Amino acid sequence: MDQYDVIIVGTGAGGGTLARHLAPSGKKILLLERGDWLPREPQNWLAQDVFVDNRYVSEDTWYDSKGKPFQPQIHYFVGGATKLYGAALYRLRERDFGELRHHDGISPAWPISYDELEPYYTKAEQMYEVHGARGEDPTEPPASAPYSHPPVSHEPRIQQLSDQLEAAGYHPFHAPCGILLDEQNMAYSKCVRCANCDGFPCVVHAKADAEVMGVRPALEHDNVTLLRNARAVKLETNPAGTAVTGVVVERDGATETLAGDLVVVACGAANTAKLLLESASDEHPNGLANGSDQVGRNFMFHDSVAVLALSREENPTVYQKTLGLNDFYFGSDEFDYPLGNIQMVGKSQAPMFHGEKPGETKLAPEWTLERVARHAIDFWLSTEDLPRPDNRVSVDRDGKLTLSYNETNAEAKKQLYGKLRSLLGKLDMNEGHLFHRFAYMKNEIPFAGCAHQAGTCRFGDDPATSALNADCRAHELDNLYVVDTSVFPSIGAVNPALTAMANSLRVGDHLLERLGASKYAAAAA
Ligand SMILES: Cc1cc2nc3c(=O)[nH]c(=O)nc-3n(C[C@H](O)[C@H](O)[C@H](O)COP(=O)(O)OP(=O)(O)OC[C@H]3O[C@@H](n4cnc5c(N)ncnc54)[C@H](O)[C@@H]3O)c2cc1C
Ligand code: SF4
């Protein structure tokens, strides 16, 4: 049996980033990915195929706490969920790393401070070529370097929105975007600034996703191997149960066991929990890394709502995701608890409304779906979801995954919605009209439930209350690590991917040290 120095399971924000970071070390690295390359095809950019026909959504069936089946909006491809993501690459706020009191309870502290993660945020922003502007957002945490790429410019209606927000006393900012856009030299820009970015795959590979920026650069090194369509189904340990000795993989209808000195799991929050729980053995009867009974628990996503407002004038914006607003992140004059983040979401297109029916509700009959889409300005509001032990992933003997979830922080979410609604008149938008829309795709559970999933395997200093230590190593196993969003003790209210990437680089430095290759660490770069 081949022995690898490192096996990484999953190639998304966590796993793909780690692979690129470890690759130059020359160590023998194996990447396991249950999906294949996402096919590059015209349908990548067709709203009907992507949003209505769910062309790139897995065929998995999960169950809610009442046993009702649903299709989770999960994407099994090289690059994971980042293949479809909106590439809004935000840092958590500095205070998100400490304990924060919310309307519904406490958002717990992380075992590391913002300062410890900061150099890795900078490195991750460089790796993913984040375009942004420092100094515009008053809640922005300190950064050791400017963005390496200028902010993506606003199109006229969004610039007008920014000016109107400023005139009303707020602090809109250029959203941090991971797209390979060169506005100074469009003839050579990989990104063509199209309307089909947020929620779509990028057919020209100009989105800074984990395949393009992580896996492909890693594979340029001969010491890195990628096995596609290879699903890890179990982790085996030595007889004492102190180390993982084998990763059992299903591939091409056969089962094989692969061995690595270090094993890193990065399957996304739900699937990481599933793999660890299904690896139960006599030594670990509750699953691996689960001495604290925390694996699967504290499932979080963002308490999000996608809304569209109707601009009095038409909104011809093509690439809309350029503006953010954090003035209510930590509260408002009327509400003394954190509310969250407001940002733009991909521009509405009429085919996306299939199943959403705004034209059949208050707007009918004078507003056709096409007219709604032409006037729509689309916002994405995110409030922090709090970790609750009963919000959890569990797996039965047959591998059936149940996601039990009850909403948290509903009042804060309502307040944030109310805040935006109260501003519409000042923003040249129709005051009466702020409509919920299912951004991306329609589903039985909220979209963010799967897209922004986190928790389930939190890291912490106390083995009684956490699955992993501060290095994201399982408390009870010497060579098992986790680097995806499942490690988050809290999720904050900004998009999660950059934090997963940064943490992956941080853990990567620790792994390089263990492998005797610390000269390849980010700090030395
Ligand atoms: C439509 C959409 C829009 C989004 N927009 C944004 C955004 O703008 N900004 C942002 O920050 N975040 C966004 N997100 C969320 C972001 O993509 C995720 O937070 C991030 O990708 C999570 O990283 P991860 O490593 O935890 O998991 P993933 O990126 O999902 O990677 C997990 C990988 O593991 C693989 N895998 C799973 N199980 C196994 C197994 N048993 N064996 C082998 N491989 C396995 C999966 O196929 C996948 O490739 C969005 C997500 C979606 C779906
Ligand atoms: S906006 Fe740019 S990165 Fe996004 S899908 Fe279009 S070409 Fe790709």
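On a predicted model such as this, the values are computed, not experimentally measured, just so you know. (Residues numbered from 1 in each chain as written. Chains lettered and ligands numbered in written order. Predicted model: local features only at pLDDT ≥ 70, side-chain atom pairs only at ≥ 80, totals over all residues. Heavy atoms only, no water.)

Undergrad: Help me get a handle on the site of ligand 2, residues and values and all.
TA: In the neighbourhood of ligand 2, 13 residues make up the surrounding shell, with Cys191, Val192, Cys194, Cys197 and Cys202 lying closest. Residue composition of the shell around ligand 2, by class: 10 nonpolar, one polar and two charged. (Near = heavy atom within 4 Å. Nonpolar A, V, L, I, M, F, W, Y, C, P; charged D, E, K, R; others polar.)

Undergrad: I'd love a proper account of the packing of helix H3 (residues 114–127) against helix H10 (residues 497–514), names of residues and values included.
TA: How two helices pack is summed up by the angle between their axes together with the distance between the axes. Axis separation between H3 and H10 bottoms out at 8 Å; the angle between their running directions is 115°. The angle between the axes of H3 and H10 places the two elements in the roughly perpendicular class. Crossing angle aside, the handedness with which H3 passes H10 is right-handed. Touching Leu117, Tyr120, Tyr121, Lys123, Ala124, Glu125 and Met127 of H3 are Leu498, Thr499, Met501, Ala502, Asn503, Leu505, Arg506 and Asp509, all from H10. Residues of the contact of H3 with H10, tallied by class, amount to nine nonpolar, two polar and four charged. (Axes fitted to C-alpha atoms, helices over the stretch in contact; angles between N-to-C directions. Helix = DSSP H or I, 4+ residues; strand = E, 2+ residues; numbered from the N terminus. Parallel < 35°, antiparallel > 145°, perpendicular 65-115°, else oblique. Left-handed = near helix turned anticlockwise from the far one by under 90°. Contact = heavy atoms within 4.5 Å.)

Undergrad: Explain the sheet that holds strand E17 (residues 401–404) residue by residue, including any values.
TA: One open sheet accounts for four strands, arranged E4-E3-E17-E16; its pairing is mixed. Each edge of the open sheet is held by one strand with a lone partner, namely strand E4 (69–70) and strand E16 (392–395). As defined by bridge partners, E16 adjoins E17 across four bridges and the pair is classed as antiparallel. Residue pairing for E17: valine 393 is matched across the bridge by leucine 403. (Pairing = 2+ DSSP bridges.)

Undergrad: Let's hear about the packing of helix H1 (residues 13–22) against H10: which residues, and what values?
TA: With their axes 8 Å apart at the nearest point, H1 and H10 run at an angle of 40° to one another. Taken together, H1 and H10 sit at an angle that is classed as oblique. The handedness of the crossing between H1 and H10 is right-handed. Each of Ala13, Gly14, Thr17, Leu18, His21 and Leu22 in H1 lies in contact with H10, whose residues at this interface are Ala497, Ala500, Met501, Ser504, Leu505, Gly508, Asp509, Leu511 and Leu512. Here the contact of H1 with H10 is composed, by residue class, of nine nonpolar, five polar and one charged.

Undergrad: Give me the lowdown on the environment of asparagine 406, citing residues and values where you can.
TA: Within the secondary structure, asparagine 406 is located in the loop between E17 and helix H8 (410–423). On the accessibility criterion, asparagine 406 (58% relative accessible area) is exposed. Sequence separation between asparagine 406 and arginine 392 is 14 residues; the distance between their C-alpha atoms is 9.6 Å. (Buried < 20%, exposed > 50% of the residue type's maximum accessible area, 1.4 Å probe, protein only.)

Undergrad: Please set out the side chain of threonine 139 residue by residue, giving values where relevant.
TA: Here threonine 139 lies in the loop between H3 and helix H4 (156–167). Its relative accessible area of 16% is what places threonine 139 among the buried residues. There is a polar contact of 3.4 Å between the side chain of threonine 139 and the side chain of asparagine 326. (Polar contact = N/O pair within 3.5 Å; in protein donor to acceptor, adjacent residues only side chain to side chain.)

Undergrad: Provide a residue-level description of the nonpolar core, including the pertinent values.
TA: Grouped together as the largest cluster of nonpolar side chains are 107 residues, with contacts concentrated most on Leu32, Tyr128, Leu235 and Leu480. The element best represented in this core is H10, accounting for nine residues. Counting residues in hydrophobic clusters, the runner-up holds 26 residues, among them Tyr170, Phe335, Ile342 and Met429. (Core = buried A, V, L, I, M, F, W, Y, C linked by side-chain atoms within 4.5 Å.)

Undergrad: Let's hear about H4: which residues, and what values?
TA: Given 3.6 residues to a turn, an α-helix orients residues that are three or four positions apart in the same direction. Taking 1.5 Å per residue, 12 residues should reach 16 Å; H4 reaches 16 Å between its end C-alpha atoms and fits that length. The first or second residue beyond H4 is glycine 169, which carries a positive phi of 95°. (Expected span 1.5 Å × (residues − 1).)

Undergrad: Break down the site of ligand 1 for me, citing the residues and quoting the values.
TA: The full set close to ligand 1 counts 38 residues, and Gly14, Glu33, Gly86, Ala88 and Ala497 are the nearest of them. Interatomic distance of 3.1 Å between a backbone N/O atom of threonine 485 and an oxygen atom of ligand 1. Within the backbone of proline 496, one N or O atom sits 3.4 Å away from an oxygen atom of ligand 1. Contact with the protein chains removes 96% of the 1000 Å² of surface that ligand 1 exposes when unbound. Listed by contribution, the elements that provide at least two residues to the shell around ligand 1 are H1 and strand E9 (230–237). A per-element tally of the shell around ligand 1 places E9 first, with three residues. Among the residues forming the shell around ligand 1, the class breakdown is 19 nonpolar, 14 polar and five charged. (Areas by Shrake-Rupley, 256 points an atom, 1.4 Å probe, with all protein chains shown as cover.)

Spatial relationships are all this shows, so hold off on functional conclusions.
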